[in-house]
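This is what each chain is made of:
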Amino acid sequence: MIRQPGIFPLRRRGLSSFVVAVFLSTLLTPLVEARADDSGWVKRDPSCSCQGIAASSDGSKIAGFVNGGKIVTSADYGATWIAHESNRNWSGIASSSNGTKLVATVEGGQIYTSSDSGVTWTARDSVRPWFGVSSSSDGTKLAAIVNPGQIYTSADSGASWTAHETTRAWRAVTSSSDGTKLVAVVRDGQIYTSADSGATWIPRDSNRLWFWVASSSDGTKLAAVVYGNPGNIYTSSDSGATWTVRSSDLNKYWQGIAMSSDGSKLIASAYMGTVYTSKDYGVTWTTDNTIQNSYGVATSADGSHLYATSQSYIYTYGAPAAPSPTPTPTASSSGTYNYAWTKLDFTCNCSSIASSSDGSRLIAGDDFGSTGGHLYISSNYGATWTARGPIQIWSAVASSSDGTKLVATVKEGQIYTSTDSGVTWTPRDSNRRWDSVASSTDGSKLVASVEGGWLYTSADSGATWTARDSVRNWTSVASSSDGSKLVAVSRADQIFTSTNSGVTWTPRETARLWRSVASSSDGSKLAAAVYGSSDSSFIYISSDSGATWTVTANDAPRYWQAIAMSSDGSKLVAASYMGTVYTSQNSGVTWTSANSIQNGNAVTSSADGSKLVVSGTLGAYIYTTAKIVKVSNNPPSKVRGSITIQKLSAKSYSLIVTSNALLSKFTITATKNKNKTLTFKGTTDSKGGAVVKVAVNLLGYSLSLKFN
């Protein structure tokens, strides 16, 4: 978020039986909500009146700026803050998905970039009236606006910049995760979109006082806000071609908007107003009066962590309390994690396993026997699992960063894709001996390998595939977050790397029995494991995108089966057949054995490396370092929650229940004039949510919610 000049005003720096009631008037609004006794927002004190804020995809790393002050950062969801750089007229800030690469603009100054989460900064380009900036998920592709001036883009993390478009009063700019789709808004002008990383632009919609814009990770879903009278929120589901007004009943001085990676969850801020949120792509909105005069807003990729700035404080929503109740291992004073492994009450002959960036959503594939088994999905860090997909010999799985887009390969079968977190699956391409698969963070760019066949790439989430390179005994593939940098290994062959999404490949290192490979989010740090008993059966590390390799974990040859790494490449986990699981927290320099886990077969890691998961062979248990909270169907002693009533049609409503009563039965009672009563029953899911659809006109009814 950035400050506003000119025409805009100058900003200064429970019970076991739980009952919530709400009354629907004859003028039913689009959304009516009954709130619990606390809003969930936590007021933080970073000693700044921040005008703008940005967050990593998992929400743990946050960066904000003060116009005329410094940049402040937090690495613990906003609990503590550190000030950096000098007092400048900061006007915009953006972050890579892992929070390591930051970029900030100075009005009447230069652009500044950081590659160490804001500790040190480098001045870039020339002095201009810079007004805002956006970043791709890996931090390589940047777009910055000048007001008045042009749009500038960079494809090398800010080292060099190219001017585009015409001089206008650019107000804000945003980017898809791969940096190809850009959207910029003009004050008293139109919205402009680009599908080629800023080379060309198309004007959209009408002239308005556009103030801010947000994009989903794939760039298809957009949201933009208008400051003033009338000030509305607009959304688009076709990359900006058409726009729909969403908040005509909320005429506000909108200042900021942000959305989750899939575009379903949004947060918007209003000057002389409060913060509004939506969970249905902007169709309906809920206000929270806790925060007044909010400036900038930000959200994690899944929309569970929200951030808002005001005149004196930064507010956070959904951040872990201290001590953290969910699944983040505590960090020691040296910055490492104290891994504590938990054996899950779930067995699977899993050949592969993949994780969302925050580690909450998992997918595992069963490949045992002549018929194989199901795919298994977990949305609570592995506490519970659900069988999905047809029975197949599943050979590999991969996940988008938010866990919604999944891809799975079948040995001697097809590739299957899902866009709803594994609920439904679509077969793709042809029957082949598929052996491995990897995905970009937004799930749009995929790479898969065929044992004794070709490499295949897809740029449309698996709808179509293109054969690449040559016929080899491919065993494993990995991808950077934007899908541009790929790495693949072949058994008794070399390592191969690509910097153009798999169009061309370069052979690296020496022919070995390569078994598994992993990549950091920017593709610069790689790890490859060798399977066997020879003197070369070690783990090899590269810090230059595969150009050179260094042997590590060379205390003894091992039958390495799988390897995974954190998004920054600092934390690794590797599993060995007839051996144990090893972890490293210094980019592979030294390793620690987890002797409690034998015969590891597949591994995965959250983006920050705190949550690791390993599956064994032949019906072995799955182990995790996440703190598993046992789900109980008994409501907690102090139940907190809400009822949201959404009108679907004249006689159709959705009653949306949100609470901390997990897997619990409830009854909603609708009463009118004390002599007409309706009841609706339901059960909350493992996250404490439920939706009850009713075909009755609820005008004039009061509602109450009670857990049985």
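None of these values were measured; they are calculated from a predicted model.

The next subject is the overall build of the protein. On a plain count of helices and strands, the protein comes out with 0 helices and 53 strands. Counting every position in the protein, which comprises 708 residues, the buried fraction comes to 58%. As displayed, the protein has an accessible area near 26800 Å², and 48% of this comes from carbon and sulfur atoms.

Within this structure, the stated rule accounts for 13 salt bridges. Here E165 makes a salt bridge to R168, at a shortest N to O gap of 2.8 Å. Across the pair D205 and R208 runs a salt bridge whose closest N-O atoms are separated by 2.8 Å. The exposure class of D205 is partly exposed, given its relative accessible area of 26%.

There is about 760 Å³ of room inside the largest cavity. As for the largest cavity, its lining consists of 39 residues, of which A55, S95, T174, S215 and M259 are closest to the centre. Elements represented by at least two residues in the lining of the largest cavity include exactly β4 (52-55), β7 (82-95), β9 (122-135), β13 (170-175), β15 (202-215), β19 (253-259) and β23 (297-299). Broken down by element, the lining of the largest cavity gets its largest block of residues, 4 residues, from β15. Class assignment of the residues belonging to the lining of the largest cavity gives a composition of 17 nonpolar, 22 polar and no charged. Its boundaries defined by the atoms lining it, the second largest cavity holds a volume of some 60 Å³. As for the second largest cavity, its lining consists of A354, R361, L362, I363, I377, S378, S399, G403, L406 and S421. Its residues assigned to classes, the lining of the second largest cavity comprises 5 nonpolar, 4 polar and 1 charged.

By the criterion of burial, strand β21 (residues 274-278) is predominantly enclosed, with 4 of the 5 residues buried. Linkage of strand β20 (residues 266-271) to β21, two consecutive antiparallel strands, is achieved through a turn of 2 residues, within which M272 is found at a positive phi near 55 degrees.

Right, let's get into the nonpolar core. In terms of nonpolar packing, the biggest core is built from 27 residues, with I191, W210, V225, I233, W254, I257 and W285 touching the most fellow members. Counting residues per element, the ones that place at least two in this core are β14 (182-194), β15, β16 (222-226), β17 (233-236), β19 and β20. With sequence-adjacent residues up to four places away left out, I191 is seen in contact with V183, A184, V185, I202, P203, R204, W210, A224 and W243. Counting 19 residues, the second-largest nonpolar core is a separate cluster that includes Y653, A690, V692 and L705.

A few words on the pairing of β13. Where burial is concerned, most of β13 is hidden: 6 out of the 6 residues are buried. With 5 bridges joining them, β13 and β14 adopt antiparallel strand pairing. Following the sheet pairing, W170 is matched in β14 by V186. Counted along the chain from β13 to the antiparallel partner β14, the turn is 6 residues long, and its residue G179 has a positive phi close to 80 degrees.

Aromatic ring pairs: the centre-centre distance and the angle between the two ring planes describe each pair. Scanning all chains against the criterion turns up 21 aromatic pairs. With 5.5 Å between their ring centres and 50 degrees between their planes, W41 and Y317 make a pair best called tilted. Taken together, the residues span a long stretch of sequence, with W41 in strand β3 (residues 41-44) and Y317 in strand β25 (residues 314-317) at a distance of 276 residues. Judged by its relative accessible area of 12%, W41 falls in the buried class. You can call Y317 partly exposed: its relative accessible area is 32%. Centre to centre, the rings of W170 and W201 are 6.4 Å apart; their planes meet at 45 degrees, and the pair counts as tilted. Of the two residues, W170 sits in strand β13 while W201 sits in the loop between β14 and β15, which places them 31 residues apart along the sequence. Of the two residues examined, W170 and W201, each falls in the buried class. Joined through ring pairs, the aromatic side chains of W90, Y112 and W121 make up one cluster. Here K43 stacks its cationic end above the ring of Y313, 4.4 Å away from the centre of that ring.

Calculation rules
Residues numbered from 1 in each chain as written. Predicted model: local features only at pLDDT ≥ 70, side-chain atom pairs only at ≥ 80, totals over all residues. Heavy atoms only, no water. Helix = DSSP H or I, 4+ residues; strand = E, 2+ residues; numbered from the N terminus. Buried < 20%, exposed > 50% of the residue type's maximum accessible area, 1.4 Å probe, protein only. Areas by Shrake-Rupley, 256 points an atom, 1.4 Å probe, with all protein chains shown as cover. Salt bridge = Lys/Arg side-chain N within 4 Å of Asp/Glu carboxyl O. 1 Å grid on protein atoms, 1.4 Å probe; cavity = no way out; pocket = protein on both sides within 12 Å on 5 of 7 lines; lining within 4 Å. Points joined across faces, edges and corners; volume = space filled by probe spheres on them. Nonpolar A, V, L, I, M, F, W, Y, C, P; charged D, E, K, R; others polar. Pairing = 2+ DSSP bridges. Core = buried A, V, L, I, M, F, W, Y, C linked by side-chain atoms within 4.5 Å. Contact = heavy atoms within 4.5 Å. Phe/Tyr/Trp six-rings, centres within 6.5 Å; stacked < 30°, edge-to-face > 60°. Lys NZ or Arg CZ within 6 Å of the ring centre and 35° of its normal.

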